[in-house]
Protein chains: 2
Amino acid sequence: MTNNDFDLTGSEALRSVFRNHASGIALITALDSDGNPIGFTASSVTSLGSTPPLVSFNIAQGSSSYPHLVAGSPVALHTLDANTLHLAQRLAGPKDQRFTGDEATGQGNVPIFEQCPAILVGRIRERFEVESNAVVVLEVESSRVSAVPSKPLVYFQRGYYTIGEKLADNS
Amino acid sequence: MTNNDFDLTGSEALRSVFRNHASGIALITALDSDGNPIGFTASSVTSLGSTPPLVSFNIAQGSSSYPHLVAGSPVALHTLDANTLHLAQRLAGPKDQRFTGDEATGQGNVPIFEQCPAILVGRIRERFEVESNAVVVLEVESSRVSAVPSKPLVYFQRGYYTIGEKLADNS
């Protein structure tokens, strides 16, 4: 194998690889500085350790939500399943259509989509800025999980999928 | 909805939510300070912006690999599909069985699993330490992608899955 086999460079090298990588999709909700709801979809949500419980996600600093995700801000994170695909689509759509006004609210008045299979609430702990993007670290406070099993939503090659065949247990 | 609905706290709050969240699985390979191959599976690999192309993943500082993932170190990141499930299992297993000795090598002599659907090579840029864990940021140099379409590997509820039905395009 030679370096010539690695024929893609720059941003195309990145994009080509992540087109081949599946991810979960989460909804993140918070409040802007006027107390209005903000929310967006994130495919970068991941655990950052359990003692203390921390979550990280990545966001562009140019995002309209970024100025509101400051240390101490309350945030809710929702996992999605096949039944809540419409919420992924709504929160990836036009900003003025992301909330209907009849969402529930949790701690700190943050909007909560109660139909999601698992919902976690916490606060922004810190942000690490890297070039024009940032890693946001969230301190977990509490969560609720639906007792009804469901199939998680998976994002792959610009499409929404459910999971399919189970290949193996990690035991 | 009241705060009492959020009945899980602490690390159980975190774990219960991530049990309901799907993720992709990647293999990360590098070299230890003696030039021996190291490698592990990661479910936290995600893009951190394309200009310049950056990737992040999370790791425990107590991991045996962590001391070797220092700024400037060459690293390879491999996506996985249903056909390379055995590599996910091997690199999550005993350390002395992770490499067979006949792996290819790429830039900087880093081990490469050529059968993976997409492979990205780059270097560690920086690490952000948070409690006992860290966010590792990787600068992307180049990549190669198989021309053969395949179904990505998905990790969910401690099991390995492929994707199933396509529900919608994100267009």
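The present account deals with the structure reproduced in this document.

The next thing to look at is the overall build of chain A. The helix and strand tally for chain A stands at two helices and 13 strands. For a compact globule of 171 residues, the expected C-alpha radius of gyration is about 16 Å, and chain A comes in at 17 Å, within 12% of that figure. In terms of its C-alpha atoms, chain A occupies a principal-axis envelope of roughly 55 × 40 × 35 Å. Across the 171 residues of chain A, 54% fall into the buried class.

Before going further, it helps to examine the interface of chain B and chain A. Listed as interface residues are 88 residues of chain B and, on the opposing side, 88 residues of chain A. Carbon and sulfur atoms supply 65% of the area buried between chain B and chain A, which totals about 7100 Å² over both sides. Here chain B and chain A share two salt bridges between them. For E131 of chain A, the salt bridge is made with R125 of chain B, and the minimal N-O distance between the two is 3.1 Å.

All names here are of chain A. Sheet topology note: the strand β3 (residues 26-31)/strand β4 (residues 37-42) ladder contains six bridges and is antiparallel. Looking at β4, one finds that A26 is bridged to A42. Once β3 ends, the chain turns through five residues before running back antiparallel as β4, passing G35 with a positive phi of about 85°.

Next up on the list: the relation of the copies chain B and chain A. Superposing chain B onto chain A takes a rotation of 180° plus a shift of 0.0 Å along the axis, which leaves an RMSD of 0.0 Å. This pairing of chains is accounted for by a two-fold axis. No C-alpha of chain B approaches the rotation axis more nearly than that of G164 of chain B, which lies at 1.8 Å. Interface overlap between copies is the fraction of interface residues in one copy that are interface residues in the other; for chain B against chain A it reaches 100%, indicating a shared surface.

Looking at the element boundaries, N133 of chain A is found in strand β11 (residues 133-145). Among the residues examined, N133 of chain A registers a relative accessible area of 11% and is labelled buried. Beyond its immediate chain neighbours, meaning those up to four positions away, N133 of chain A contacts I59, A60, Q61 and F128 of chain A together with L48 and G49 of chain B.

Residues and elements named next belong to chain B. Assignment of secondary structure puts D32 in the loop between β3 (26-31) and β4 (37-42). We note that D32 is buried and unpaired, the nearest opposite charge coming from K95 at a distance of 11 Å. At a separation of 2.8 Å, a polar atom in the side chain of D32 contacts the main-chain amide nitrogen of D34. For D32, the residues in contact, after removing those within four places along its chain, are I38 and H68.

In this structure, the amide linkage connecting T51 of chain A to the following residue, P52 of chain A, adopts the cis form with an omega of -5°. Mapped onto the secondary structure, P52 of chain A falls in the loop between β5 (46-50) and β6 (53-60). The backbone phi angle of E131 of chain B is positive, close to 50°, even though this residue is not glycine. In this fold, E131 of chain B is placed in the loop between β10 (118-130) and β11 (133-145).

The rules behind these values
- Residues numbered from 1 in each chain as written.
- Chains lettered and ligands numbered in written order.
- Predicted model: local features only at pLDDT ≥ 70, side-chain atom pairs only at ≥ 80, totals over all residues.
- Heavy atoms only, no water.
- Helix = DSSP H or I, 4+ residues; strand = E, 2+ residues; numbered from the N terminus.
- Rg over C-alpha atoms; globule rule 2.2 N^0.38 Å.
- Buried < 20%, exposed > 50% of the residue type's maximum accessible area, 1.4 Å probe, protein only.
- Contact = heavy atoms within 4.5 Å.
- Buried area = accessible area lost by both parts, 1.4 Å probe.
- Salt bridge = Lys/Arg side-chain N within 4 Å of Asp/Glu carboxyl O.
- Pairing = 2+ DSSP bridges.
- Least-squares fit on C-alpha atoms with pLDDT ≥ 70 in both.
- Lys, Arg positive; Asp, Glu negative; His and termini not counted.
- Polar contact = N/O pair within 3.5 Å; in protein donor to acceptor, adjacent residues only side chain to side chain.

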